Amino acid sequence: MESPDPRKPMEVALDDAVQGWRHWLLTRDRPELYSTQWASQGGVWTPRRTALATCPYGCDRLVVPNPSCSCGFYLRREPGEDPDITPQAERDCIVIPGRAAGWGKVIEGGVGWRTSKAYPTELWVPYGAAWLAPGLKEAYKCKVNVSNEVTV
Ligand SMILES: [Zn+2]
């Protein structure tokens, strides 16, 4: 799972993975998903690579998500507002809601989970950015929808 064969589609059908909702950001000049929550590689979710959570407050990677900290990837049971999607992010970026598998170290909370590892499994591209959908599908090998429910 750490370094999947790049020639094969990413497989995240892990028995112990949770499935939750979250958002990613895209900039118009960079076709990779990223998040403002701390992730490895500067917040970029590299296609076909497990995203590893890091802690902005200094927790050792091996203890992320730390029960006494707020670190880890957040996955919600239900779709909803994401406090990380700020007005500035909405102005500067394309916001991509979707679902991710989370595994590794998992802490269950009131609205979902915090996990140490994650990978997108389904994305909803806004209608106005529908041209991005085929590239995202090819790169991440996950299901990609345009927000008017049309599947590409
Ligand atoms: Zn932490």
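From a predicted model like this one, the values you see are computed outputs, not experimental measurements. (Residues numbered from 1 in each chain as written. Predicted model: local features only at pLDDT ≥ 70, side-chain atom pairs only at ≥ 80, totals over all residues.)

### Some points on the overall build of the chain
- A count of helices and strands for the chain gives 2 helices and 8 strands.
- Starting at the N terminus and walking to the C terminus, you meet the elements of the chain as β-β-β-β-β-α-β-β-α-β.
- Across the 152 residues of the chain, 32% fall into the buried class.
- Taking as baseline every contact in the chain between residues at least 6 positions apart, the subset at least 24 positions apart corresponds to 51%. (Helix = DSSP H or I, 4+ residues; strand = E, 2+ residues; numbered from the N terminus. Buried ≥ 20, exposed ≤ 12 C-beta atoms within 10 Å, placed from the backbone. Contact = placed C-beta atoms within 7 Å.)

### A word on the pairing of strand 2 (residues 30–34)
- By the bridge criterion, 2 bridges tie strand 1 (residues 18–27) to strand 2 in an arrangement that is antiparallel. Each bridged residue has a counterpart across the sheet, and for Leu25 the counterpart in strand 2 is Tyr34.
- Counting the residues between successive antiparallel strands, the hairpin from strand 1 to strand 2 contains 2 residues.
- Relative to strand 3 (residues 44–45), strand 2 runs antiparallel, the two being bridged by 2 bridges. Looking at strand 3, one finds that Leu33 is bridged to Trp45. (Pairing = 2+ DSSP bridges.)

### Examining the pairing of strand 1
- Relative to strand 6 (residues 94–108), strand 1 runs antiparallel, the two being bridged by 9 bridges. Bridging from a neighbouring strand, Gly20 pairs with Ala100 of strand 6.

### Some words on unusual backbone geometry
- With an omega of 0°, the peptide bond between Val64 and Pro65 qualifies as cis.
- Its location among the elements puts Pro65 in the loop between strand 4 (51–52) and strand 5 (73–76).
- Despite not being glycine, Arg48 has its phi angle at roughly 60°, a positive value.
- For Arg48, the location among the structural elements is in the loop between strand 3 and strand 4.

### Description of helix 2 (residues 133–140)
- Listed as buried for helix 2 are Ala133, Leu136 and Tyr140. Taken end-on, helix 2 shows its buried residues confined to a sector of 65°, consistent with a single buried face. Every exposed residue of helix 2 that faces more than 90 degrees away from the buried side is listed here: Pro134 and Glu138.
- Lining the buried residues of helix 2 we find strand 7 (112–125) and strand 8 (143–146). (Arc of directions from axis to C-beta.)

### Some points on the confidence of the model for the chain
- Looking at the chain as a whole, the pLDDT averages 84, with 84% of positions reaching at least 70.
- Taking the mean pLDDT of every element in the chain, the minimum, 84, falls on strand 2 and the maximum, 95, on strand 8.
- Segment residues 3–10: pLDDT under 50, and 7 contacts once partners within four positions in sequence are set aside and those in other chains are kept. (pLDDT = per-residue confidence, 0-100.)

### Points about the nonpolar core
- Among the nonpolar cores identified, the biggest contains 28 residues, and Ile96, Ala118, Leu123, Val125 and Leu136 are the most heavily contacted of them.
- Of all elements in the fold, only strand 1, strand 5, strand 6, strand 7 and helix 2 reach the threshold of two or more residues within this core.
- In terms of residues, this core owes the most to one element, strand 7, which gives 6 residues.
- Setting aside residues up to four positions removed in sequence, Leu136 forms contacts with Leu123, Val125 and Val144. (Core = buried A, V, L, I, M, F, W, Y, C linked by C-beta atoms within 7 Å.)

### Description of the environment of Arg22
- Along the chain, Arg22 falls in strand 1.
- Residues Arg22 and Asp82 lie 60 residues apart in sequence; the distance between their C-alpha atoms is 7.2 Å.
- The residues contacting Arg22, other than those within four sequence positions of it, are Tyr74, Leu75, Arg76, Asp82, Gly98 and Ala100.

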